[in-house]
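Close look at the chain arrangement
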Amino acid sequence: MSSRTVIRNGLVITASDEIHADVLIEDGRVVALAATGTPAAESWTAEKTIDATGKYVIPGGVDAHTHMELPFGGTFASDTFETGTRAAAWGGTTTIVDFAVQSVGRSLREGLDAWNAKADGNCAIDYAFHMIVSDVNQETLKEMDLLVQEGVTSFKQFMAYPGVFYSDDGQILRAMQRSAENGGLIMMHAENGIAIDVLVEQALARGETDPRFHGEVRKALLEAEATHRAIKLAQVAGAPLYVVHVSAQEAVAEIARARDEGLNVFGETCPQYLFLSTDNLAEPDFEGSKYVCSTPLRPKEHQAALWRGLRTNDLQVVSTDHCPFCFVGQKELGRGDFSKIPNGLPGVENRMDLLHQAVVDGHISRRRWIEIACATPARMFGLYPKKGTIAPGADADIVIYDPHAEQVMSVETHHMNVDYSAYEGKRVTGQVETVLSRGEPVITEREFTGRAGHGVYTPRSTCQYLL
Ligand code: URP
Ligand code: ZN
Ligand code: ZN
Ligand code: ZN
């Protein structure tokens, strides 16, 4: 028996269009759009009607960078797949791509199996995986081919964190050469971790232990240098490159130059770099630890370059890098030594709203909002047009968004499993009202109506964004 839902009277916004249209959903998929009030739209009958008068009807968000339950610095990111995907749904995100981790000395397969086990049966929304490659060797290179074939088509490498996730230039080059052959996309954490570790040691020796020194030792120039080196290695290998969590204006410039040369080089930034700064890292009483992430928050002056990059398409994606650690008991591990503060910020619930605020503030257009938060991440990571748009055949992952609602972001009202909000007290205009995941209401007029286990693993094709 088929089930039909129709969404009437809303403004449908995709990366390419804004139209007053009704949307017909059948068996979890979009089957048709028709201009509101036309005979075609009026002729539809459905078991269920959602009235979106005065609201936006947008594709569910695709957050291509999350770390649920990530082991880091002797602890684990505080959101599980259950709590983290529920919070994502509250914030209008209907797909996450999380990072499975290969441990040094273990196979990619083992890491992927472990992450599948954590997520399986627990997610409120659909999910997929990238693979963190911590140990490039002949075996793991072969495994990369197999993973690409089965839908894990992107691999993160780290130029930072020596002794943990770090890869040297030779390992990076080999992985890039492999991805040039098998269609995989290398995602790079671009910071010169070897140089940073020297600066960390020197800072601590001078007694510079507060959170703000995390930002000072992880220099913008060392992000730019690593970004430049990653681009050149990718060029040598003939491989595409996606630079994650870009925060420094000098790194944006490296990516822009590569793109002007016609290279397949892409950049992602995150809301924390657009809305927060080293001012937050400098908050007293160890409060700055709440803002410790890598790449670090930068002085406010960098934000203009990030906004410009998003407008010129030198940056294509905004993901959250959601990696929450509670202040009590987790961030506190680094009292007296900033290098022991677990790295990462909560944000999976806040991204769609913060980017809508960017529309209100005039940084980006409404269609660009949907492009950087839904459509491009879906294309970049091989999920399009199943995810990231509203079109016949697409999954009915749809958000009814109230562009006029006012809200104040706060730990008191958010749903992420973390004891602070990085945006505490921030007023934003716009709020998620209803969220459908494959046609099922997971948020209904600001009530959670989903369930753990509704979300399914979603294998991906290779990058659909290459020049
Ligand atoms: O500080 C961060 N970003 N933590 C998560 C791990 C990473 O490097 O993305
Ligand atoms: Zn990273
Ligand atoms: Zn350019
Ligand atoms: Zn990350």
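Residues numbered from 1 in each chain as written. Chains lettered and ligands numbered in written order. Predicted model: local features only at pLDDT ≥ 70, side-chain atom pairs only at ≥ 80, totals over all residues.

Observations concerning the overall build of the chain
A count of helical and extended segments in the chain gives 14 helices and 18 strands. A compact globule built from 467 residues would reach a C-alpha radius of gyration of about 23 Å, and the chain, at 21 Å, matches this within 12%. Its C-alpha atoms give the chain principal-axis dimensions of about 70 × 50 × 40 Å. In the chain, the share of contacts with a sequence separation of at least 24, taken over all contacts with a separation of at least 6, comes to 76%. (Helix = DSSP H or I, 4+ residues; strand = E, 2+ residues; numbered from the N terminus. Rg over C-alpha atoms; globule rule 2.2 N^0.38 Å. Contact = placed C-beta atoms within 7 Å.)

Examining the sheet that holds strand 14 (residues 265–269)
Pairing within the open sheet is parallel, and its eight strands lie in the order 6-9-10-11-12-13-14-15. Edge positions in the open sheet fall to strand 6 (61–66) and strand 15 (317–318), since each of these has one partner strand only. Bridge count for strand 11 (residues 154–158) against strand 12 (residues 185–189) is five bridges, and the pairing is parallel. What sits directly across from Ser-154, in strand 12, is Leu-185. Contacting strand 9 (93–101) and strand 10 (126–132), helix 3 (residues 108–119) runs over the sheet at an angle of about 155° to strand 10. (Pairing = 2+ DSSP bridges. Axes fitted to C-alpha atoms, helices over the stretch in contact; angles between N-to-C directions.)

Side note on the UniProt feature "domain: Amidohydrolase-related" (unreviewed entry) in the chain
UniProt feature "domain: Amidohydrolase-related" (unreviewed entry): in the numbering of this structure it lies at residues 56–441. Its end C-alpha atoms 16 Å apart, residues 56–441 is made of 37% helix and 19% strand. (UniProt positions renumbered as here; feature names shortened; annotations may be inferred.)

Quick word on unusual backbone geometry
A negative phi holds for most residues other than glycine; trans holds for most peptide bonds. Cis geometry marks the peptide bond from Ser-294 to Thr-295, where omega comes out at -5°. The residue after Tyr-384, namely Pro-385, is reached through a cis peptide bond having omega 0°. Turning to its location among the elements, Pro-385 is positioned in the loop between helix 14 (366–380) and strand 16 (398–408). A positive phi angle is found at Asn-9, which is not glycine, with a value near 75°. Locating Asn-9 in the fold gives a position in strand 1 (residues 4–13). Overall, the presence of 18 C-beta atoms within 10 Å leaves Asn-9 in the partly exposed class. A positive phi is found at Glu-445, a non-glycine position, where the angle reads about 45°. Tracing the chain through its elements places Glu-445 in the segment after strand 18 (440–443). A tally of 10 C-beta atoms within 10 Å means that Glu-445 is categorised as exposed. (Buried ≥ 20, exposed ≤ 12 C-beta atoms within 10 Å, placed from the backbone.)

Focus: the site of ligand 1
Neighbouring ligand 1 are the residues His-67, His-189, His-245, Cys-293, Ser-294, Asp-321, Cys-323, Asn-343 and Gly-344. Partitioning the shell around ligand 1 into residue classes produces two nonpolar, six polar and one charged. (Near = placed C-beta within 6 Å. Nonpolar A, V, L, I, M, F, W, Y, C, P; charged D, E, K, R; others polar.)

Some points on the nonpolar core
The biggest cluster of nonpolar side chains holds 145 residues, and the ones touching the most others in it are Val-23, Val-57, Ile-186, Ala-230, Ala-234, Leu-241 and Val-243. Setting aside chain neighbours within four positions, we find Ala-230 in contact with Met-159, Met-188, Ala-190, Leu-241 and Val-243. (Core = buried A, V, L, I, M, F, W, Y, C linked by C-beta atoms within 7 Å.)

A closer look at helix 3
For helix 3, which comprises twelve residues, the first-to-last C-alpha distance of 17 Å matches the rise-based estimate of 16 Å (1.5 Å per residue) to within 8%. Of the positions making up helix 3, those classed as buried are Leu-108, Gly-111, Trp-115 and Ala-119. Within helix 3, the buried residues cover an arc of 70° as seen down the axis, which keeps them to one side. Counted as exposed and oriented over 90 degrees from the buried face of helix 3: Asp-113 and Ala-117. Against the buried residues of helix 3 lie helix 2 (81–90), strand 9, strand 10 and helix 4 (138–150). After helix 3 finishes, the residue Gly-121 shows a positive phi value of roughly 80°. (Expected span 1.5 Å × (residues − 1). Arc of directions from axis to C-beta.)

What to know about the environment of Asn-122
Considering the arrangement of structural elements, one finds Asn-122 in the loop between helix 3 and strand 10. Taking the number of C-beta atoms within 10 Å as the measure of exposure, Asn-122 has 20 and is therefore buried. Between the C-alpha atom of Asn-122 and that of Val-328, which follows or precedes it by 206 residues, the distance is 26 Å.

Comments concerning the confidence of the model for the chain
Summing up the model confidence of the chain, the mean pLDDT is 98 and the portion of residues at 70 or higher is 100%. Listed scores for the predicted complex are pTM 0.98 and ipTM 0.93. (pLDDT = per-residue confidence, 0-100.)

Observations concerning the environment of Glu-268
Examined against the element boundaries, Glu-268 turns out to sit in strand 14. C-alpha separation for the pair Glu-268 and His-65, spaced 203 residues apart in sequence, amounts to 9.5 Å. With sequence-adjacent residues up to four places away left out, Glu-268 is seen in contact with His-65, Tyr-242, Val-243, Val-244, His-245, Val-246, Leu-315, Val-317 and Ser-319.

Quick notes on the UniProt feature "modified residue: N6-carboxylysine" (unreviewed entry) in the chain
Mapped onto this numbering, the UniProt entry gives "modified residue: N6-carboxylysine" (unreviewed entry) at Lys-156. We classify Lys-156 as buried; it has 23 C-beta atoms within 10 Å.

Regarding the packing of helix 4 against helix 5 (residues 169–182)
Running from amino to carboxyl end, helix 4 crosses helix 5 at an angle of 35°, the nearest separation of the two axes being 10 Å. Relative to helix 5, helix 4 is oriented so that their crossing is right-handed. Taken together, the residues of helix 5 that come into contact with helix 4 (itself represented by Leu-141, Met-144, Asp-145 and Val-148) are Arg-174, Arg-178, Ser-179 and Asn-182. Residues that form the contact of helix 4 with helix 5 fall into these classes: three nonpolar, two polar and three charged. (Left-handed = near helix turned anticlockwise from the far one by under 90°.)

A few points about the pairing of strand 9
Of all nine residues making up strand 9, nine are buried, and the element is well covered by its neighbours. Bridge count between strand 6 and strand 9: four bridges; the pairing is parallel. Each bridged residue has a counterpart across the sheet, and for Asp-63 the counterpart in strand 9 is Ile-96. One ladder, built from seven bridges, connects strand 9 with strand 10; its direction is parallel. Within strand 10, the residue paired with Phe-99 across the bridge is His-130. As a crossover connection, the stretch from strand 9 through helix 3 into strand 10 is right-handed. (Right-handed = clockwise from strand over helix to strand, strands pointing away.)

Here's the deal with helix 2
The buried fraction of helix 2 is high, at ten of ten residues. What helix 2 keeps buried is the set Phe-81, Glu-82, Thr-83, Gly-84, Thr-85, Arg-86, Ala-87, Ala-88, Ala-89 and Trp-90. On the buried face of helix 2, the contacting elements are strand 6, strand 9, helix 3, strand 10, strand 17 (427–437) and strand 18. At the C-terminal side of helix 2, Gly-92 shows a positive phi close to 85°.

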